[in-house]
Amino acid sequence: MVKQGLREQKKQETRRTIANIATGLFFRYGFDNVTVADIAEAAGVSKMTVFNYFPRKEDLFLDRHADRLRDLEMAIRERDPAESVISAMRRYHQELLAAQHPLSGAIEGARPFFQVVRSSPALISRTYEHQHEIRDMLADVLAEEMADRAPAELLAALLTATIYAIFDRAVNRILAGEDVADVRREQTDFIDRAFDLLEHGVAGI
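First, a word on scope: everything that follows refers to the structure included in this document. Numbers given for residues are sequential positions, taken from 1 along each chain in its written order. Reporting in this predicted model follows two pLDDT cut-offs: at least 70 for local features of residues, and 80 or more for side-chain atom pairs to be given and counted; totals over whole chains, interfaces and linings ignore these cut-offs and use all residues. Neither water nor hydrogens contribute to the side-chain values; these are computed over all heavy atoms in the structure.

1. What about the packing of helix α9 (residues 149-175) against helix α10 (residues 180-200)?
Stage number 1. Lines fitted to C-alpha atoms define the axes, with helix axes restricted to the stretch in contact, and inter-axis angles between N-to-C directions lie between 0 and 180 degrees. By the criteria applied, helices consist of DSSP H or I runs no shorter than four residues and strands consist of E runs no shorter than two, each listed in order from the N terminus. Two numbers describe how α9 lies on α10: the axes approach to 10 Å, and their chain directions differ by 160°. By the angle class used here, α9 and α10 are roughly antiparallel. Taken as a pair, α9 and α10 cross one another with a handedness that is right-handed. Contacts between α9 and α10 involve Leu158, Leu159, Thr162, Ala165, Ile166, Arg169, Ala170, Arg173 and Ile174 from the former and Val180, Asp182, Val183, Glu186, Gln187, Phe190, Ile191, Ala194, Phe195 and Leu198 from the latter.
Stage number 2. Here the residues of the contact of α9 with α10 sort into 13 nonpolar, two polar and four charged. Roughly parallel here means an angle under 35 degrees, roughly antiparallel means over 145, roughly perpendicular means 65 to 115, and every remaining angle is called oblique. A clockwise turn of the near helix away from the far one marks a right-handed crossing, whereas an anticlockwise turn of less than a right angle marks a left-handed crossing. Between two residues, a contact is recorded if the distance between any of their heavy atoms is within 4.5 Å. Three classes are used: nonpolar for Ala, Val, Leu, Ile, Met, Phe, Trp, Tyr, Cys and Pro, charged for Asp, Glu, Lys and Arg, and polar for all others, with Gly counted as polar.

Now the structure itself:
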């Protein structure tokens with residue numbers, strides 16, 4: 001058991017090292033100007049090793065997507081039986097924001113990262129794929145609780161749209177040069193408004 005733990009720890013260290021080196025190269029030269037071969041050479045590993053940890057080049061930069069998928073799934077599966085899915089999602093996003101987690105979008109020092117993402121067609125395309133992956137994962141999880149998959153897919157699509165509206169709101173304001181502390185403070189209300197709309201609908205607006 002100890003040896004297995006040590007192997008896993010070594011794998012995680014290698015993964016972090018490769019991602020950190022890749023991120024440094026992307027910031028310095030631009031995402032589209034850096035190849036996987038460049039990253040492998042800088043990290044002192046083979047291209048195959050890089051791909052073993054990161055199936056696609058975009059995943060080297062957007063390496064928190066797997067965390068988001070896992071955490072969203074757990075927020076639904078591990079919620080209190082009396083808590084609705086929408087309430088669980090609201091709570092999850094408020095906790096992200098309070099913890100100043102990178103996935104909240106409202107964190108200090110994130111502007112250069114967002115600038116790289118928005119300047120690369122490949123990264124923009126990958127973020128759209130992430131949205132589809134989140135929607136499909138949520139649909140699968142929700143379908144386990146619902147008798148009919150059709151409403152599960154609809155709710156998953158609405159949740160995904162809400163999740164990205166919240167994230168994009170923070171990112172757009174930060175890229176526009178607004179103070180991150182102001183963005184973070186006002187994001188609390190925006191999260192509540194977003195899930196209020198999802199929960200109660202838009203009648204009367």
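Having seen the model, we can carry on.
2. Describing the side chain of serine 120
Stage number 1. Note on placement: serine 120 falls in the loop between α7 (111-119) and α8 (121-143).
Stage number 2. Every residue in contact with serine 120, bar those within four places of it in the chain, is listed here: Phe31 and Asp32.

3. Some thoughts on the pattern of salt bridges
Stage number 1. The term salt bridge refers to a side-chain nitrogen of Lys or Arg lying within 4 Å of a carboxyl oxygen of Asp or Glu. This model, assessed by the stated rule, comprises 23 salt bridges.
Stage number 2. Measuring nitrogen to oxygen at the nearest pair gives 2.9 Å for the salt bridge that ties arginine 90 to aspartate 196. Of this pair, arginine 90 sits in helix α6 (residues 85-98) while aspartate 196 is found in helix α10, placing the two residues 106 residues apart along the sequence.
Stage number 3. Partly exposed describes any residue whose relative accessible area lies between the buried limit of under 20% and the exposed limit of over 50%, with all areas from a 1.4 Å probe on protein chains only and scaled to the type maximum. Judged by its relative accessible area of 32%, aspartate 196 is partly exposed.
Stage number 4. With its nearest N and O atoms 2.9 Å apart, the salt bridge here joins arginine 149 to glutamate 153. You can see arginine 149 and its partner glutamate 153 sitting in helix α9, four residues apart, about one turn around the helix.
Stage number 5. For glutamate 153, a relative accessible area of 40% translates into the label partly exposed.
Stage number 6. Members of the salt-bridge network, linked through shared partners, are Arg56, Glu58, Asp59, Arg126, Glu129 and Glu133.

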